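# Architecture and fold: a report
Next come the chains, spelled out residue by residue.
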Amino acid sequence: MHSQSIGAGRVTGGGELTLRSNPSTEDPEQFSNEFLASPRTPNGASEHHDAVCNGDLKPQDALQSVVGYEDPIMLTQSTHSFLFTERTCSTPFNFGLAVMSVSYTCLLLALINNLYDNYSPGNPFAVPVRVSTDVKIAQYLALLIGLVMEEEIPESLYLLRMITEKTLRKDAAEAKYGKFVICALLRIICGYLFYLNMFVVVVQATGVVEIFFDVLALQFLQQVDDIAFRLAKWDVFGKKMKRASTRKCFRAEFEKLPFARRKKVSVFVKFLYLANLSALMVGLTLITVRQFNNKYYCSSITVKFDDHIWENSLVLTPDGVNRWDLIYSYFSGVYVLNGTHDGRALYTEQNKFDGSPYQQKIGATIKYCKSERAWVFMHQNIRKDPNTKDSTCPWLLRSPETDSFDLLEVSGEWKVWTGIISTGATFQTTCNSCNSEADCNYHGVCSDGQCQCDVGADGYGLYTGIHCEFSRPCVRLGTESGAIWDLIALDSNNQWTAYGRGVYRYVTGGENMTADPEDDWILMYTGSRYFAAFFEDGKCKSREDWMHYTEEVHAFWDQVYTEKTFALSDPTSAATPIATDFYMIGRRGQKYGPFGELIPLSDPPGSGYFDCAMNASLSELVPEIVAAQEASRNCPSSNSSVEG
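Calculation rules
- Residues numbered from 1 in each chain as written.
- Predicted model: local features only at pLDDT ≥ 70, side-chain atom pairs only at ≥ 80, totals over all residues.
- Heavy atoms only, no water.
- Core = buried A, V, L, I, M, F, W, Y, C linked by side-chain atoms within 4.5 Å.
- Buried < 20%, exposed > 50% of the residue type's maximum accessible area, 1.4 Å probe, protein only.
- Helix = DSSP H or I, 4+ residues; strand = E, 2+ residues; numbered from the N terminus.
- Contact = heavy atoms within 4.5 Å.
- Patch = residues over 30% accessible without salt bridge, like charges linked within 9 Å, V, L, I, M, F, W, Y side chains within 5 Å.
- Areas by Shrake-Rupley, 256 points an atom, 1.4 Å probe, with all protein chains shown as cover.
- Salt bridge = Lys/Arg side-chain N within 4 Å of Asp/Glu carboxyl O.
- Pairing = 2+ DSSP bridges.
- pLDDT = per-residue confidence, 0-100.
- Arc of directions from axis to C-beta.
- Disulfide = S-S within 2.5 Å.

So, about the nonpolar core. By size, the foremost hydrophobic cluster in this structure holds 147 residues, and its most contacted members are Y328, F331, Y335, F377, L397 and W485. Sorting elements by how many residues they give to this core places helix α9 (residues 177-204) first, with 13 residues. Apart from residues lying up to four places away in sequence, F331 is in contact with F305, L326, E349, K352, A364, F377, H379, I382, H554, F556 and W557.

This is how it looks when you write it as structure tokens:
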């Protein structure tokens, strides 16, 4: 009896209409088995339509015609597949293993290079201190794009769930299921190695184009196996490789699992995508929050200025505008992170004794000025113009133009104000934290980011300095003329330091060494030179007075170089004044420059002036020095001169 199909029902010859269930409300697998089961004989688009209407398609084809097209389940055309389709140790197997090894090696080398090139315990991913808004947006987009581009993980999981041992043996008899599973697991691991590499290069990037180039480069490493497979099919690598890549198993369409199992696979893959996306986004967000909270900036730096001088600088004081000679090296020392300015770190000058904040003085600042597109050094009470024309960003030193977020990465010569804009200034910065013993010059251990310098058998430190860069200073200095200078000890374990160097006090001896009995003679480092000066009524000061002075001393604001200064050294960065030439200051005036007439004390020049005069061990000498300094703190009863 002739019949004609109408929609999802069938009109019989007797005119009866039999309706079938809508596939959207029934199990599609059951529907495909019941629906239009006669053989497929399509002869074109219109005949294909007739075949569908007349029930002349296979159940699977009929289902696809109704609910949409589904790709057939086939093995991946990749050299990775040679690991289970070919005999172990055969040429194609070894070729596939070599290609996989190349992919793994390249991804591992990239990861190691990116992680350990600038590794630090507090910043294991070597994340930049901060990035611009456009870079941050590109980072999020790159992770999304990379997640979509990566196909090893979802494809391997899909094949593991869709191809059973039975179907693999049926449609690809030469393939081994155990090796098939191992290969899929290796591809999944490779995929996660790609994710990790992608995350690292994205969070380390500081430019938009750099981000996308790096992600594309990583994706290329994952496609080497696909490219090699196509070349093998084109007979580039020989007949064996062509035969391996054109086997029937790569054209076989595997039987689909029941709908319920396929649905579980789909749900699992979606969940995995969501989990991977969440992990990447949460990781980047945590890093972004830490960048915003300044966690990647160096919290403490040491800055060293050169000897540039601005004569008669404009200084704002409570008494009005004063004219003082500004020696930039006076401002060398420790600066600590104190918030941000224009989206970058702002560092504030600390005291010259122990690197803690000034209590009374106002420290200088180093910050970024967008108006200058540069990092600048400035002090709010030092100006280039008395009418505050430069009040927007009154810089005293200015870096080359840069967009860098990290002061430590700024290179090139700085410009310095010396009454005019001068070039050629050097500006050295060092982070005060450590990551290993190498940062402590192998003179100590790195503990919690700080160097703990080695201690000798006598209980005294063998090295000093933030990075243990200086040998233990000599506690007693002597000269050829017989003068003795002792290191000023605050107690048996602590000494007075300024700019990281010990401060010395004249004791006795020498030629023509005279001073008022109440005065102390002090030898102190000031950032680049040692100054020897009278400290009026120094012997009448209590220990508390000296402690307060040491915590607030500043060579510029205390005007250390005054008429009381009688000698100075050559510029030096040494820990002690030993082996450094000194000069007596003679006549002063514009004719002689900012330091006055300099009369050499070293004969011949280059022979130094001081030498170490220790004649006993530290354990014997230090208590002696402490006792002598305590005894000398009483004002003498007479005003007669003291002559050594």
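Next comes the rest of the account.
Attention now moves to a nonpolar patch on the surface. Where nonpolar side chains cluster on the molecular surface, the patch consists of L108, I112, Y116 and Y119 and spans about 430 Å² of accessible area. Its place among the elements puts L108 in helix α5 (residues 91-116).

Let us now look at the sheet that holds strand β8 (residues 344-349). With antiparallel pairing, the nine strands of this open sheet are ordered in space as β14-β13-β12-β10-β9-β8-β7-β4-β15. One side of each edge strand has no neighbouring strand; the edge strands of this open sheet are β14 (421-425) and β15 (427-431). Judged from the four bridges that link them, strand β4 (residues 300-305) and strand β7 (residues 333-341) form a sheet pairing that is antiparallel. Across the sheet, T302 pairs through a bridge with V334, a residue of β7.

Alignment of strand β21 (residues 484-487) against strand β24 (residues 504-508), held across four bridges, turns out to be antiparallel. What sits directly across from I484, in β24, is T508. Across two bridges, the pairing between β24 and strand β26 (residues 520-525) is antiparallel. Considered in β26, the bridge of R505 is made with I522.

Before going further, it helps to spend a moment on the pattern of salt bridges. By the definition in use, this model includes 15 salt bridges. One salt bridge in this structure joins E86 and R247, with 2.6 Å as the shortest N-O distance. Of this pair, E86 sits in the loop between α4 (82-85) and α5 while R247 is found in the loop between α12 (239-245) and α13 (259-292), placing the two residues 161 residues apart along the sequence. Note that K361 is salt-bridged to D558, the shortest N-O span being 3.2 Å. With K361 in the loop between β8 and β9 (365-369) and D558 in the loop between α14 (543-552) and β28 (565-569), this pair connects stretches of sequence that are 197 residues apart. The exposure class of K361 is partly exposed, given its relative accessible area of 21%. Its relative accessible area of 27% is what places D558 among the partly exposed residues. A single network of salt bridges, built from pairs that share partners, joins E152, E155 and R187.

With 85% of its residues at a pLDDT of 70 or more, the protein chain has an overall mean of 83. Predicted confidence is poor over residues 1-67, with pLDDT under 50, and the contacts of this stretch with residues over four places away or in other chains come to 82 contacts. Note on residues 637-644: pLDDT under 50 across the span, and 16 contacts to partners over four residues away in sequence or across chains.

Among all positions of helix α11 (residues 224-233), only D225, D226, A228, F229 and A232 are buried. The buried residues of α11 occupy one face: seen down the axis, they fall within an arc of 165°. Of the surrounding secondary structure, the elements contacted by the buried residues of α11 are α4, α5, α7 (152-162), α10 (208-222) and α12. Positive backbone phi, approximately 65°, marks D235, located one or two places after α11.

As a further point, take the state of the cysteines. Evaluation of the coordinates by the stated rule reveals six disulfides. For C369, the disulfide goes to C393, at an S-S distance of 2.1 Å. Its S-S torsion of approximately 90° makes the covalent link between C369 and C393 right-handed. A residue pair is termed long-range when its members are at least 10 positions apart, and C369 in strand β9 and C393 in the loop between β11 (382-383) and β12 (397-398) qualify at 24 residues. Here C474 pairs with C612 through a disulfide, and the sulfurs are 2.1 Å apart. Residues C474 and C612 are joined through a disulfide that is right-handed, its torsion about the S-S bond being 85°. Remark: C612 occurs in strand β31 (residues 611-612) and C474 occurs in the loop between β19 (470-471) and β20 (476-478); sequence separation between them is 138 residues. Look at C474 and you get buried, because its relative accessible area is 7%. Residue classification places C612 among the partly exposed positions, given a relative accessible area of 36%.

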